[in-house]
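Take a look at the letters that make up each chain.
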Amino acid sequence: MKQILVGITGASGSIYGIRLLQALQQQNISVHLIFSSAAKEILSYETDEHLENIMKLADKTYDNADLFAGPASGSFPLDAMIIAPCSMKTLASIAHGYANTLITRSASCMLKEKKPLIVVPRETPIDLSGLRNMVALSEAGGTILPAAPGFYHRPTNISDLIDFIVGKILDQLCIPHQLFRRWK
């Protein structure tokens, strides 16, 4: 069974992380979850979802301040990590090896172990330092997957746009899905 770690940070777009958790739960995947403190605040601002209900979508949850939790070690059995949404602060920390939270430490472990790390920045426009941080993270082995949906699948509502991004995340992990109609 695949084990995937999901980090949800303090960028706008917490719905991407929530929908990803729902999609992963439908698969035969063990889901681990870390929320940053800012993500908890943004979740209540952007959605009507309750943190307790979101945490039930994961098999295991961790406190972002707990640097002794399993995902803080490269020997912890994870197959991939996704940070959705990924704040520019978190992205910069990972790109420069500043592992001061469980999310950033776990991401560093994924990179050093050569395992998939997918970050979903939701910032726009992106300043020069943000672009440079994305390049540094990409050069280190991470995948930058901006929350920039396509429109060739003819979305009719916001859920279609969210599913497009979540589907692209699942594509990166070779997890089959039916979240959007593919290009013909």
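Above: the structure in question.
About the criteria used
Residues numbered from 1 in each chain as written. Predicted model: local features only at pLDDT ≥ 70, side-chain atom pairs only at ≥ 80, totals over all residues. Heavy atoms only, no water. 1 Å grid on protein atoms, 1.4 Å probe; cavity = no way out; pocket = protein on both sides within 12 Å on 5 of 7 lines; lining within 4 Å. Points joined across faces, edges and corners; volume = space filled by probe spheres on them. Axes fitted to C-alpha atoms, helices over the stretch in contact; angles between N-to-C directions. Helix = DSSP H or I, 4+ residues; strand = E, 2+ residues; numbered from the N terminus. Parallel < 35°, antiparallel > 145°, perpendicular 65-115°, else oblique. Left-handed = near helix turned anticlockwise from the far one by under 90°. Contact = heavy atoms within 4.5 Å. Nonpolar A, V, L, I, M, F, W, Y, C, P; charged D, E, K, R; others polar. Salt bridge = Lys/Arg side-chain N within 4 Å of Asp/Glu carboxyl O. Buried < 20%, exposed > 50% of the residue type's maximum accessible area, 1.4 Å probe, protein only.

Caption draft 1: Expanded view of empty space enclosed by the protein. This structure, assessed with the given rule, holds one cavity of 30 Å³ or more. Considered as a void within the structure, the largest cavity measures approximately 50 Å³ in volume. In this structure, the largest cavity is lined by Pro71, Ser73, Gly74, Phe76, Leu78, Ser106, Cys109, Met110, Glu113 and Lys115.

Caption draft 2: Region of the structure containing the packing of helix 4 (residues 88-95) against helix 6 (residues 128-139). Taken N-terminus to C-terminus, the directions of helix 4 and helix 6 make an angle of 45°; their axes are 9 Å apart at the nearest point. In terms of their interaxial angle, helix 4 and helix 6 are classed as oblique. Once helix 4 is placed against helix 6, the crossing between them reads as left-handed. Note on element contacts: helix 6 touches helix 4 through Gly130, Asn133, Met134, Ala136 and Leu137, opposite Met88, Leu91, Ala92, Ile94 and Ala95. When grouped by side-chain class, the residues that make up the contact of helix 4 with helix 6 number eight nonpolar, two polar and no charged.

Caption draft 3: Representation of the pattern of salt bridges. Scanning the entire structure with this criterion turns up three salt bridges. Note that Arg19 is salt-bridged to Asp163, the shortest N-O span being 2.6 Å. Of this pair, Arg19 sits in helix 1 (residues 14-25) while Asp163 sits in helix 7 (residues 158-172), placing them 144 residues apart in sequence. In terms of burial, Arg19 and Asp163 fall into one category: buried. A salt bridge links Arg182 to Asp171, with the shortest nitrogen-to-oxygen separation between them at 2.7 Å. Remark: Asp171 occurs in helix 7 and Arg182 occurs in the segment after helix 7; sequence separation between them is 11 residues.

Caption draft 4: Representation of the layout of surface pockets in the model. Quantified by volume, the largest pocket comes out at close to 300 Å³. Surrounding the largest pocket, 19 residues form its lining, Ser36, Asn64, Lys89, Thr90 and Thr101 being those nearest its centre. Those elements that place two or more of their residues in the lining of the largest pocket are helix 2 (37-46), helix 4 and helix 5 (102-112). Its residues assigned to classes, the lining of the largest pocket shows five nonpolar, 11 polar and three charged.

Caption draft 5: Quick look at unusual backbone geometry. In the segment running from Ala84 into Pro85, the intervening peptide bond is cis, with an omega of -5°. Position of Pro85 relative to the elements: it lies in strand 4 (residues 80-86). Along the chain, Thr124 connects to Pro125 via a cis peptide bond; the corresponding omega equals -10°. Its place among the elements puts Pro125 in the loop between strand 5 (117-121) and helix 6. Positive phi, close to 60°, is recorded for Lys114, a residue that is not glycine. Locating Lys114 in the fold gives a position in the loop between helix 5 and strand 5. The phi dihedral of Arg154 is positive, around 55°, even though this residue is not glycine. When you line up the elements, Arg154 lands in the loop between strand 6 (143-144) and helix 7.

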